[in-house]
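Commentary on secondary and tertiary structure
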Amino acid sequence: MITREQIPTVLDHPVHDARGDKIGDARHVFFDDATGEPEWVSVRTGLFGTSESFVPIHDAALVEDHLEVPYAKDKVKDAPHVDIDAGGHLSEQEEERLYQYYGINWDAVWQDAHSGTTGTTGTTDDAMTRSEEEMHVGVERREAGRARLRKYVVTEEQQYTVPVRHEEVRVEREPISDTNRDRAMTGPDITEAEHDVTLYEEQAVVETRAVPKERVRMTTEEVTEEETVTGEVRKERIETEGTDEQGDQRRRR
């Protein structure tokens, strides 16, 4: 049970569910007009706190620096949206709808607690609280794309010029002389004969070898740039009537 003295500790502080998951931040506390006890707390939810959900505060507990309610996070976030009148009250119809959503017996609460409506913090005494919404901008990390290294094979034609050698037959005639006469006269006088000479040539031969040329890798680096976001925030204004300030004229602040 949250007491009136604990309200300043509740407002603008985290609200957690029974499992310890954060639901959002407490925005307003609503009191029962009949008993004067805290009855509802509105919680800012959503990515940037743009939504506001109502949750019963009767069975809530203040744990260290946050408020803990006995309802699941999704249950609170999916609570029906209700309208608050200009005086900061919940109508009986809106309050009954919330009780039904949270499985609370509306008839029993009605008979036991009050016959009027529920008011917000600041309307049960002589002062009125003026509140404003503040924009809280954060960032979320998401996947923006993918990069991939892929190796494939292409075939290209290359030309190289290399020198190649070959042998050709050249006939040399040598007249008989005293120097070679003995060798020339070793065979028969008249006969038939053949003599073969093997010719050689070089041919260009192509072979390929895989040779490492370079290493390629991918790395990532963070680049910071500025992005401007625009949102709407609501502000409460308080006007006075029937005052002597500034010539009995209505004044806003």
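Placed above this text is the structure.
Keep in mind that this is a model prediction, so the values were computed, not measured.

Attention now goes to the overall build of the protein. In terms of regular secondary structure, the protein is built from 5 helices and 10 strands. Counting over 253 residues, the protein shows a buried share of 22%. In the protein, 55% of the contacts between residues at least 6 apart in sequence involve partners at least 24 apart. Accessible area of the protein: about 21,700 Å², with a carbon and sulfur share of 45%.

Once that is clear, we can look at the side chain of Asp 17. Looking at where Asp 17 falls in the secondary structure, it is placed in the loop between β1 (14-16) and β2 (22-32). Although Asp 17 lies buried, it forms no salt bridge, and the closest oppositely charged side chain, Arg 19, sits 5.5 Å away as judged by the N-O distance. A polar contact of 2.8 Å, which involves the side chain of Asp 17, links it to the backbone nitrogen of Asp 21. Residue contacts for Asp 17: discarding those within four places in its chain leaves Ile 23, Glu 68, Val 69, Tyr 71, Ala 72 and Lys 73.

A few words on helix α3 (residues 92-101). In an α-helix, one turn spans 3.6 residues, which is why side chains three or four residues apart end up on the same side. Of the positions making up α3, those classed as buried are Glu 94, Glu 95, Leu 98 and Tyr 99. One side of α3 holds all its buried residues, which, seen down the axis, span an arc of 135°. Summarising the geometry of α3, the exposed residues directed more than 90 degrees from the buried face are Gln 93 and Gln 100. At the C-terminal side of α3, Gly 103 shows a positive phi close to 75°.

Bringing the environment of Trp 40 into the picture now. Along the chain, the position of Trp 40 falls in strand β3 (residues 38-45). Using a relative accessible area of 0% as the deciding quantity, one classes Trp 40 as buried.

Rules of the game
- Residues numbered from 1 in each chain as written.
- Predicted model: local features only at pLDDT ≥ 70, side-chain atom pairs only at ≥ 80, totals over all residues.
- Heavy atoms only, no water.
- Helix = DSSP H or I, 4+ residues; strand = E, 2+ residues; numbered from the N terminus.
- Buried < 20%, exposed > 50% of the residue type's maximum accessible area, 1.4 Å probe, protein only.
- Contact = heavy atoms within 4.5 Å.
- Areas by Shrake-Rupley, 256 points an atom, 1.4 Å probe, with all protein chains shown as cover.
- Lys, Arg positive; Asp, Glu negative; His and termini not counted.
- Salt bridge = Lys/Arg side-chain N within 4 Å of Asp/Glu carboxyl O.
- Polar contact = N/O pair within 3.5 Å; in protein donor to acceptor, adjacent residues only side chain to side chain.
- Arc of directions from axis to C-beta.

Remember, this is a structural readout, not a statement about activity or role.
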